[in-house]
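Report on the structure
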Amino acid sequence: MSRIKEFRASLDKKLDALEHQALALEAQLTQTKDQAMQRLEQRKQQLQDLLSQVRGEVQKSKEMAGQAKTEVQATLEHLQVQLALGKADARDTFEEQMTKILKALNEFESVAEEKLKGAAFESGRVWEDLVDRRSSLEAEFEAFKGRLESEKDKQHFALESTKQELLTKLVLFRDQLKTKREVVQAKADVFETDMRQGLDQIRAGVRKLFE
């Protein structure tokens, strides 16, 4: 299993992903559409910054063959171009941009797993950081997508009591994640499933606010 897949399959990263999703949903409840979009753009920039670091490491590497280096740099460049595209807040253009970015991410990871296997980077956290930043970006994508899918053309104001109820559930959910991170490894899969189901129920409530 590649380093990227190992990190993503670990219990800590699975719980991180759930927390990223909870934070993204919370942002949709507490921020305007423009603020939520800016939050998404910040996540894209954080990934861009990491990819620039990877690009620099690849360029300096003396261990990689020329062809391998060219392939990695090509997929890196394509991914960075997709991330650099401007804001897309209309539903169709947003979903198209999201699909292209995630596809480019998959392509880069696939090439990196093959061509950079065993590569010694100055920063030992490159792949762990990639998993974290992708997880955070995907969470923001999904939360904002849900908002666009649920919103009607006219301006909509959610009931404050319902919004506060969902926020309370999200805060409780995050507290449970923090507490139960210490769960024994043998129970990890069951615990993750239970927590994911709880988050799915909250996500459904968030979407109803914009219907």
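Located above this text is the structure these notes cover.
Keep in mind that this is a model prediction, so the values were computed, not measured. (Residues numbered from 1 in each chain as written. Predicted model: local features only at pLDDT ≥ 70, side-chain atom pairs only at ≥ 80, totals over all residues. Heavy atoms only, no water.)

For the rest of this paragraph, the subject is the packing of aromatic side chains. For the coordinates displayed, the defined rule picks out three aromatic pairs. Seen from their ring centres, Phe94 and Phe144 are 5.2 Å apart, and the 50° between their planes marks the pair as tilted. On the criterion of sequence distance, the pair formed by Phe94 in helix H5 (residues 91-115) and Phe144 in helix H6 (residues 126-150) is long-range, its members being 50 residues apart. Phe144 matches Phe94 in its accessibility class, with the two residues each being buried. Centroid distance Phe108 to Trp127: 6.4 Å. Interplanar angle 45°. Geometry classified as tilted. Here Phe108, found in helix H5, pairs with Trp127, found in helix H6; they are 19 residues apart in sequence, far enough to count as distant. Residue Trp127 is classed as buried on the basis of its relative accessible area of 12%. Taken together, Phe94, Phe141 and Phe144 form an aromatic cluster joined through their ring pairs. (Phe/Tyr/Trp six-rings, centres within 6.5 Å; stacked < 30°, edge-to-face > 60°. Helix = DSSP H or I, 4+ residues; strand = E, 2+ residues; numbered from the N terminus. Buried < 20%, exposed > 50% of the residue type's maximum accessible area, 1.4 Å probe, protein only.)

What follows covers the packing of helix H3 (residues 33-60) against helix H4 (residues 66-84). The relative placement of two packed helices comes down to the angle between their axes together with the axis-to-axis distance. Between H3 and H4, the shortest axis-to-axis distance is 10 Å and the interhelical angle comes to 160°. On the basis of their axis angle, the class for H3 and H4 is roughly antiparallel. For the pair H3 and H4, the crossing hand works out as left-handed. Contact residues: Lys44, Leu47, Gln48, Leu51, Ser52, Val54, Arg55, Val58 and Gln59 in H3; Lys69, Val72, Gln73, Leu76, Glu77, Leu79, Gln80, Leu83 and Ala84 in H4. (Axes fitted to C-alpha atoms, helices over the stretch in contact; angles between N-to-C directions. Parallel < 35°, antiparallel > 145°, perpendicular 65-115°, else oblique. Left-handed = near helix turned anticlockwise from the far one by under 90°. Contact = heavy atoms within 4.5 Å.)

Turning our eyes to something else, we now look at the layout of surface pockets. Of the voids in this model, the second largest pocket is the one considered here, and its volume is about 290 Å³. The wall of the second largest pocket is formed by 16 residues, among which Ala17, Gln21, Ser135, Glu138 and Arg196 lie closest to the centre. Those elements that place two or more of their residues in the lining of the second largest pocket are helix H2 (11-30), H6 and helix H8 (188-209). Per-element accounting of the lining of the second largest pocket gives the leading share, seven residues, to H6. Partitioning the lining of the second largest pocket into residue classes produces five nonpolar, two polar and nine charged. (1 Å grid on protein atoms, 1.4 Å probe; cavity = no way out; pocket = protein on both sides within 12 Å on 5 of 7 lines; lining within 4 Å. Points joined across faces, edges and corners; volume = space filled by probe spheres on them. Nonpolar A, V, L, I, M, F, W, Y, C, P; charged D, E, K, R; others polar.)

Grouped together as the largest cluster of nonpolar side chains are 34 residues, with contacts concentrated most on Val72, Phe94, Phe108, Trp127, Leu130 and Phe141. Looking at this core, the elements with two or more residues in it are helix H1 (3-9), H3, H4, H5 and H6. Among the elements that make up this core, the one with the highest residue count is H5 (nine residues). The next biggest cluster of nonpolar side chains, apart from the first, holds 19 residues, and it includes Leu166, Leu167, Leu170 and Leu177. (Core = buried A, V, L, I, M, F, W, Y, C linked by side-chain atoms within 4.5 Å.)

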